[in-house]
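Residues per chain are reported as follows:
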Amino acid sequence: MLETGVRQVRVAMSMVFGRRLNVRAVEKLVADALATLEEFGSLGDDVDELADGPFADPDERRDLQNRALQRTMTRLARRSPFYRERLAGIDLVGLTTETLTRIPVTRKADLLERPDDFLCGTPYLATQTTGTTGRPVRIWLSRYEMELWPALIALSVVLRGDIRPGDRMQINLSSRATAAVQEDVEVCRLVNASCHVVGQIPPEESVEYLLGRRGTARPTLLTGNPSYLARMLTAARERGLGPDDFALRSVYAGGEIVSPAFARALRETFGATTVGDNFGMTELLPVGGRTCSRRHLHIDPNMGYTEVLDLETGEPAAPGRLGELTVTPYYPYRECMPVLRYNTGDVVRTLDGEPDCELAAVPAVSQILGKAGTLLRTADAVVTPREIVEALDGTPGMSWPLRHRAAVGADGRLHVEVASRTATAAGVTALLKASDIDARVTVLPLDDAEAAARFPLRCDLLEHTFTRSHA
């Protein structure tokens, strides 16, 4: 117990003072937690405080944030050619969260145009974004990062009980997402769980693995992009499968909009009690967010600083306003190719008041509402992609995943195209109207291949290998 306490203090002090963490000490904390669980059956009443880390106390958070930002930017100004130019003439020692807006945001275009000028450490592994919203970005990671992140995540999931020894995780992520897949594999290793990296193969085959019909045990955890999970859901329902056929306890989705109807369908078909709607980006790892029962997005304040910038002014968004999510990962969690004030393009709404949910200690915004470039500004209102998806997802005549496109016409009205062989324009119009969305609707009776070509989603990045169909 004394050794565990010493390790906890060492890790906490490194987090507070911004020193490189001892990865082995974090890994041993994971082992300590597992040993405690095995011996006593629980981790005690203060587990939430341990999981949330030293940034959880609102009274201490601001000072810690200021020091973390100053430390991070001082290092960037010294090591990154890109940020050496951008931060020239700025008083980094006196910089605070209130004066951070003096520094221009970093955008995806900057990473694409000058990738080598962002390097601050020794590259070890290259990963990249999926490229579904344009040209993919290549991100270099250090060996330290690739060892540290899974250790921190493993400690978190063990403390919260999200992954248990003996669990089996099925990973249905694209092979392009090297860092995310690597993280999941290493987390399972540290937690004494097993994993199976399936990738985005034809969804019918992924369902076979869930059933344990390929000579493997049935998974208890499943992770993938929502649209790919939707294709798995459709494949399972077409075969008449239900919760008794699977052993899933939790499904983790991220990268696209997860509607309440879709989350409910995952629980009903696969029998999962938990459907996690997570936030994460390759450019921002290891900063991430979780969705609570009140549908707030809570972004971890320990590893990075999050801003919501007003769509009109670029300044911090007032309560209840729409804004773009902008994130700065802190050193020492991000060291090789870090970004400063990275504008994700994701639109959220700031909360009007403090959150009143089970994750209230962690700062929160609304769920992701869509990309800034996809907001629909009609003559009467601003409609977000999430509003359209939630109005239509899972309704009769709409197959999983929902294939659609929305745009504002020359008449100033919203025009929505939907792929469906059974829905009618009048029916879709009524569904949107019920959600206070006025639109002109066109229903296109396309088959699956035609719909995918016209309305592509992440699930269409299938990895075709030597696969074969199974009855």
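These numbers come from a predicted model, not from an experiment. (Residues numbered from 1 in each chain as written. Predicted model: local features only at pLDDT ≥ 70, side-chain atom pairs only at ≥ 80, totals over all residues. Heavy atoms only, no water.)

Novice: Is there a simple way to explain the packing of helix α9 (residues 203-211) against helix α10 (residues 226-238) in this structure?
Specialist: Each pair of packed helices can be described by the angle between their axes along with the distance between the axes. Across the interface, α9 lies against α10 with an axial gap of 8 Å and an inter-helix angle of 75°. With respect to their mutual orientation, α9 and α10 come out roughly perpendicular. Two secondary-structure elements touch here, α9 through Pro 203, Glu 204, Ser 206, Val 207 and Leu 210 and α10 through Tyr 228, Arg 231, Met 232, Ala 235 and Ala 236. Across the contact of α9 with α10, the residue classes tally to seven nonpolar, one polar and two charged. (Axes fitted to C-alpha atoms, helices over the stretch in contact; angles between N-to-C directions. Helix = DSSP H or I, 4+ residues; strand = E, 2+ residues; numbered from the N terminus. Parallel < 35°, antiparallel > 145°, perpendicular 65-115°, else oblique. Contact = heavy atoms within 4.5 Å. Nonpolar A, V, L, I, M, F, W, Y, C, P; charged D, E, K, R; others polar.)

Novice: Would you take a moment to explain the packing of aromatic side chains for this structure?
Specialist: Think of a pair of aromatic rings as described by two things: how far the centres are apart, and how the planes are tilted against each other in angle. One pass over the structure, following the stated rule, counts five aromatic pairs. Relative to Trp 400, the ring of Phe 262 lies with its centre 5.3 Å away and its plane at 45°, an arrangement referred to as tilted. Placement of the pair is Phe 262 in helix α11 (residues 260-270) and Trp 400 in the loop between α12 (385-392) and β17 (404-408), with a sequence separation of 138 residues. Each member of the pair, Phe 262 as well as Trp 400, carries the same accessibility label: buried. Here the aromatic cluster, defined as three or more aromatic residues joined through ring pairs, consists of Phe 82, Tyr 83 and Phe 118. (Phe/Tyr/Trp six-rings, centres within 6.5 Å; stacked < 30°, edge-to-face > 60°. Buried < 20%, exposed > 50% of the residue type's maximum accessible area, 1.4 Å probe, protein only.)

Novice: Whenever I open this one, the environment of Lys 433 confuses me. Can you help?
Specialist: Relative to the elements of secondary structure, Lys 433 occurs in helix α13 (residues 425-434). Between the C-alpha atoms of Lys 433 and Phe 270, which are 163 residues apart in sequence, the distance is 31 Å.

Novice: Would you mind showing me how to read the side chain of Arg 61 here?
Specialist: With respect to the helices, strands and loops of the structure, Arg 61 is situated in helix α4 (residues 58-79). A polar atom in the side chain of Arg 61 sits 2.9 Å from the backbone oxygen of Ala 361. (Polar contact = N/O pair within 3.5 Å; in protein donor to acceptor, adjacent residues only side chain to side chain.)

Novice: So what exactly am I meant to see when it comes to the side chain of Asn 302 here?
Specialist: Relative to the elements of secondary structure, Asn 302 occurs in the loop between β9 (296-299) and β10 (304-310). Only 2.8 Å separates the side chain of Asn 302 from the side chain of Asp 300, close enough to count as a polar contact.

Novice: How should the sheet that holds β17 be read in this particular structure?
Specialist: Strands pair in a sheet through their backbones, by hydrogen bonds, and they do so in one of two ways: parallel or antiparallel. The strand order across the open sheet formed by three strands is β17-β18-β19, and the pairing between neighbours is mixed. If you trace the sheet from one side to the other, it starts and ends with β17 and β19 (439-444), each paired once. Adjacent strand axes in the sheet meet at a mean angle of 15°, parallel and antiparallel pairs treated alike. Taken strand by strand, α13 contacts β18 (414-419) and β19, and its axis lies near 140° from that of β19. (Pairing = 2+ DSSP bridges.)

Novice: So what exactly am I meant to see when it comes to the packing of α10 against α11 here?
Specialist: Where α10 meets α11, the closest approach of the two axes is 11 Å, and the angle between their N-to-C directions is 40°. As far as their axial angle goes, α11 and α10 are oblique. Between α10 and α11 lies a crossing of left-handed hand. For the pair α10 and α11, the contacting residues are Pro 226, Leu 229, Ala 230, Met 232, Leu 233, Ala 236 and Arg 237 in the first and Phe 262, Ala 265, Leu 266, Glu 268, Thr 269 and Phe 270 in the second. (Left-handed = near helix turned anticlockwise from the far one by under 90°.)

Novice: Which parts of the structure should I look at to understand the sheet that holds strand β5 (residues 221-224)?
Specialist: Here we have eight strands laid out as an open sheet, ordered β4-β3-β5-β6-β7-β8-β9-β13, and mixed in their pairing. Both edges of this open sheet fall to β4 (194-197) and β13 (364-366), since each of them pairs with a single strand only. Sheet twist, expressed as the average angle between the axes of neighbouring strands with direction ignored, equals 25°. Note that β5 and strand β6 (residues 250-254) share four bridges and pair parallel.

Novice: Mind showing me how you'd approach the pattern of salt bridges here?
Specialist: Pairing is possible between side chains of opposite charge, provided their charged atoms come close. Overall, the coordinates contain 27 salt bridges when judged by the stated rule. Across the pair Arg 189 and Glu 27 runs a salt bridge whose closest N-O atoms are separated by 3.9 Å. With Arg 189 in helix α8 (residues 178-191) and Glu 27 in helix α2 (residues 23-40), this residue pair connects regions lying 162 residues apart in the sequence. With its nearest N and O atoms 2.2 Å apart, the salt bridge here joins Arg 295 to Glu 390. Of the two residues, Arg 295 is situated in the loop between β8 (288-291) and β9 and Glu 390 in helix α12; the sequence distance between them amounts to 95 residues. Accessibility expressed as a relative area gives 28% for Glu 390, which makes it partly exposed. A single network of salt bridges, built from pairs that share partners, joins Arg 24, Glu 27, Arg 143, Glu 147, Glu 186 and Arg 189. (Salt bridge = Lys/Arg side-chain N within 4 Å of Asp/Glu carboxyl O.)

Novice: Help me understand the pairing of β18 in this model?
Specialist: Along any regular strand, the residues point their side chains to alternate faces of the sheet. In this sheet, β18 lies alongside β17 in antiparallel orientation, the contact comprising five bridges. Within β18, the residue paired with His 404 across the bridge is Val 418. With antiparallel pairing between neighbouring strands as the criterion, β17 and β18 make up a hairpin whose turn holds five residues, including Gly 412 at a positive phi of roughly 85°. Bridge analysis of β18 against β19 gives six bridges, and the strand direction is parallel. Each residue of the ladder has a partner; that of Ala 419, found in β19, is Leu 444. Of the crossover connections in this fold, the one passing from β18 over α13 to the parallel β19 is right-handed. (Right-handed = clockwise from strand over helix to strand, strands pointing away.)

Novice: In this structure, what is going on with α11? I would like to understand it.
Specialist: Turn by turn, an α-helix covers 3.6 residues, leaving residues three or four places apart pointing in a common direction. Looking only at α11, the buried set comprises Ala 261, Phe 262, Ala 263, Ala 265, Leu 266, Thr 269 and Phe 270. Here the buried face of α11 lies against α9, α10, β6 and β7 (274-280). Count one or two residues on from α11 and you reach Gly 271, which has phi positive near 80°.

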